[in-house]
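Here is how the chains run, residue by residue.
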Amino acid sequence: MQDGVVLEAKGIAKAFGAVQALQGVDLTVRRGVVHALLGENGAGKSTLVKILGGVVRPDQGTILVNGRRYIPRSPDDAVKAGIAVVFQELSLIPDLSVAQNIVLGQEPRRGGVIIDRAASRRRAHDILTSMGFPLPDLDVPVRELPLSTRQIIEIARAVAHQPQILILDEATSALNIEQTQRLFAFLRRLRETGVAILFITHRMSEVAEIADEITVLRDGQTVGHLTRDTFDVQHVVELMAGESSAALARHVVPQATTEDVLLRVDALKDERVLRGVSFELRRGEILGVAGLEGQGQSELFLALYGAHRLTSGSMTLAGHPYRPLNPWSAVHRGVAFIPGDRRNLGLIPRMSVRANTTFPILSRFSRLGLLNLRQEEAVVRQLIAQLRIKTPSPDTVVDLLSGGTQQKVCFARGLATEPVLYLMYDPTRGIDVGTKAEIYRLVEDLAGAGAGVLFFSTDLDELLSLSHRLIVLYEGRVTGTLVARDVTPQDVLALAFGMDRQRERVQHDRP
Amino acid sequence: MIGRDRYWVASLVTWVVAIGVYFLLNPLHVSPFALSSLVNQSTTLAFAAVAQTFVVLTGGIDLSVGPAISMINSLASNWLPSSGIGIILIALALVAIGCLAGALNGICVAFLDLPPIIVTLATGFVFSGIALFARPNPGGTVPEQLTSSLTGSVGGVFPSGLLLTILLFLFLWLPVRESPLGRSIFAVGSNERGAFAAGLATRRAKFLAYVLAGGFLGVAGVFFTAYTATGDALSGNVYTLNSIAAVVLGGTALTGGRGGILGSILGAYVIAAILSMLFFLGVSPFYQSVVQGVLLLLAVAAASVRNLLRGAS
């Protein structure tokens, strides 16, 4: 227990079938310290977290918590040992209320039997308030809340256990910048009370901002340990990527685009969120969409893809009226959708790379209802090579691939239809640095070849570096159109928070 | 690809063991006739299980399997002529009626967005009603030609029922599996939202899965008629739950998207073989269903052990 070590893991190894996920991970976490765990996708971070959380049992290695041997058999054991984990996949019960979810498993009871609803609500309220996220309605089922709020509730549930060690596995992935800041402020307060925080993120800026110590994993092994004083982004990236140092360099500012309008969107409205969205997207242009969570961006993208009902407004695509009834008709008009939520929207996880890639173009290979598998395979192999998809074979089930590779499969499917318009909704969510760089290059190539790209991202740096122009959504309207080259993150944030009405008018007039 | 998943191996092993025990207990039964009778006991269930599989693969369940077979059986006992080409025409018409019955389910599930379990429960009542209307009392005549051709053997050795099963497997299932429709059926069952977002015609896929299922129920009904050589508005009803059991034994996931008809056919053969074995041992029918239930539980347990071993990561 010297130096306030609260958790010490040594030589942790774990294999899933033939895949060696972890092979000798060491990790030492101290009290009152924010400890960042970094590594590319597939480096073993999530497996390590699952082991610490009692979800997965290690094959080898020892873990000490407060100097005592720690062998959790279930998440319940972890909680008892003072370890609370917020996993990457949300685990809230959709039909239970905010308060019920937060106190789940430790409900205050009256007379030891009946759940005390009022006390549950008070407790949930106290926790959320202490975190800096007071919610107005604690009785609403969490299924009705936006992803970012659910993520906060998930963290609140972990905090409710009053852990000694709080583990956050990409807990900020759905949060906007302002929410992330509030969360960080809370984590700092929590740190003051002596709680250890193990923090996993893909955003280097967050690491620089909050981490006191850093452990880097690569290929299931610990490859480096740094403290705040020795932290250096370039060094960390090198550690994560191994010998081939990945290019994290800020993107080259793209060239100006043609004036030919590909997509014209005029005064789109739906029943609740969109209140008259208008913009133009040119051929060969990457048009960024910025906005805080829930300002209408997901509704806009889904509407453009025929998966969200509009009440009024009009669209033209390549000069012709465009009003897709469903994704099928959107695909047939040359529109491709690349979602960040790969597992639910992007892919059929239990089917092969091949099947996932060719869904929209099967008619190309079928004669009399039968598929020409050889012809199909040739196309799939070509796309695998083009996108450098790391898969053992075209027939590998996509569930077995890493997040970044799965995302490339989504892109492969989009490319297969040879679309004129790409709708990319946070396509780099939860993806490692190397794959991100490849995706940026791909997006530029697609635009360079004349396609239009509508690109939304929760990562503002990414938006600014990749887009030609940028539209900012606030409360269901476009509050500004910016030329990405000329603006700073502060400009965008101001519009995104609906603060800068004056500037909006000025920017509007500039094409 | 989908077919490379060896989901059906467990049911094949179980079947071999069951058959082995059966013939071990009664070595005299090893004959073309015994083989033929085993096949005939299995075939109706095999087709019913195939029908159930199409629906289960889309993530649904079909409770109208039994009543549909009863309905086909009752209509068959009224309509079938005593001989001639008319037998074939009526048999084909009955298969078409099966497709229509499936289409009714399909419309309700795919286009009206009603839950499969309720839809098929309701249409099951409708089919039962039609069956009772067509044949209030058991009986009717079934042409000898139909019975001998479907339940006999080709060349005195190879059972016709098995031949029919193999032909349908080779010339219907394999092409369907590797077709846009087959891909869509698996995709819908695996992740309906994702399939929709990928631009697949998800409603059409679900609808056609039910129509295919109905067609197989038509075949099951005709075979059942040939096998029992009579019409009965109720006796097909056992096939609802037995078909679900066969699907589960065959390794198809009830949550949809994973499995196939090969496993279900083998599952049906397992159930029929075990029932024959118990019958031969003189076990009372009450215990027979107990054994069947235990077998089903073991199959489900085996499947989850298999998943655990794979490492749910």
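Residues numbered from 1 in each chain as written. Chains lettered and ligands numbered in written order. Predicted model: local features only at pLDDT ≥ 70, side-chain atom pairs only at ≥ 80, totals over all residues.

Each partner contributes to the interface: chain A provides 30 residues, whereas chain B provides 26 residues. Sorting the residues of the side of chain A that touches chain B by element identifies helix 10 (327-332), strand 18 (335-339), helix 11 (342-346), helix 13 (362-365) and strand 20 (370-371) of chain A as the ones contributing at least two each. If you tally residues by element for the side of chain A that touches chain B, the top one is helix 10 of chain A, at 4 residues. Classifying every residue of the side of chain A that touches chain B gives 20 nonpolar, 7 polar and 3 charged. (Contact = placed C-beta atoms within 7 Å. Helix = DSSP H or I, 4+ residues; strand = E, 2+ residues; numbered from the N terminus. Nonpolar A, V, L, I, M, F, W, Y, C, P; charged D, E, K, R; others polar.)

Here we take up the sheet that holds strand 12 (residues 221-227) of chain A. All names here are of chain A. An order of 6-9-10-3-11-12 is seen for the 6 strands of this open sheet, with the pairing classed as mixed. Since the sheet does not close on itself, it has two edges, and those belong to strand 6 (83-86) and strand 12, each with one partner. Averaged over all pairs of adjacent strands, the angle between strand axes in this sheet comes to 20°, irrespective of strand direction. As paired strands, strand 11 (residues 213-218) and strand 12 are joined by 6 bridges and run antiparallel to one another. (Pairing = 2+ DSSP bridges. Axes fitted to C-alpha atoms, helices over the stretch in contact; angles between N-to-C directions.)

Let's shift gears to the domain arrangement of chain A. When cut into domains, chain A gives domain 1 (2-241), domain 2 (248-334 + 419-511) and domain 3 (341-418). Each of domain 1 of chain A and domain 3 of chain A has a C-alpha centre, and these two points are 34 Å apart. (Domains from an automatic or database assignment.)

On to the packing of helix 3 (residues 65-79) of chain B against helix 4 (residues 86-111) of chain B. To describe two helices that pack against each other, one gives the angle between their axes and the distance between the axes. Residues and elements named next belong to chain B. Interhelical geometry of helix 3 versus helix 4 gives an angle of 150° and a closest axis separation of 10 Å. As the angle between them shows, helix 3 and helix 4 are arranged roughly antiparallel. Handedness of the helix 3/helix 4 crossing: right-handed. For the pair helix 3 and helix 4, the contacting residues are Ala68, Ile72, Leu75, Ala76 and Trp79 in the first and Ile90, Leu94, Ile97, Gly98 and Ala101 in the second. (Parallel < 35°, antiparallel > 145°, perpendicular 65-115°, else oblique. Left-handed = near helix turned anticlockwise from the far one by under 90°.)

Attention shifts here to the pairing of strand 11 of chain A. Residues and elements named next belong to chain A. Burial within strand 11 is extensive, with 5 of its 6 residues counted as buried. As judged from the 4 bridges shared by strand 3 (residues 34-38) and strand 11, these two strands associate in the parallel manner. Its bridge partner lying in strand 11, Leu38 is registered against Val216. Hairpin connection, strand 11 to strand 12: the antiparallel pair is bridged by 2 residues, and Asp219 has positive phi, about 50°. (Buried ≥ 20, exposed ≤ 12 C-beta atoms within 10 Å, placed from the backbone.)

What follows deals with the confidence of the model for chain A. All names here are of chain A. With 91% of its residues at a pLDDT of at least 70, chain A reaches an overall mean of 86. Here residues 244-253 is a poorly scored stretch, pLDDT under 50, and it has 15 contacts once near neighbours within four places are set aside; other chains count. Here residues 500-511 is modelled with pLDDT under 50, and outside its nearest four sequence neighbours on either side it reaches 11 contacts, counting other chains as well. (pLDDT = per-residue confidence, 0-100.)

This next bit is on the environment of Ser298(A). Among the structural elements, Ser298(A) can be located in helix 9 (residues 297-304). Judged by local crowding, Ser298(A) falls into the buried class, with 21 C-beta atoms found within 10 Å.

Another aspect to go through is helix 7 (residues 160-177) of chain B. Residue and element names in this part refer to chain B. When the terminal C-alpha atoms of helix 7 are compared, their 24 Å separation across 18 residues agrees well with the 26 Å that a helix rising 1.5 Å per residue should span. Maximal helix bending in helix 7 amounts to about 30°, located at Phe169. Ser160, Gly161, Leu162, Thr165, Trp173, Val176 and Arg177 are the residues of helix 7 that are buried. (Expected span 1.5 Å × (residues − 1). Bend = angle between axes of the 7 residues up to and from the residue.)

Next up on the list: the sheet that holds strand 17 (residues 320-321) of chain A. Residues and elements named next belong to chain A. The strand order across the open sheet formed by 4 strands is 14-13-16-17, and the pairing between neighbours is antiparallel. Edge strands, defined here as strands with exactly one partner in the open sheet, are strand 14 (275-282) and strand 17. Pairing geometry for strand 13 (residues 261-269) and strand 16 (residues 312-317), over 5 bridges, is antiparallel. For Val265, the partnering residue across the bridge sits in strand 16 and is Met315.

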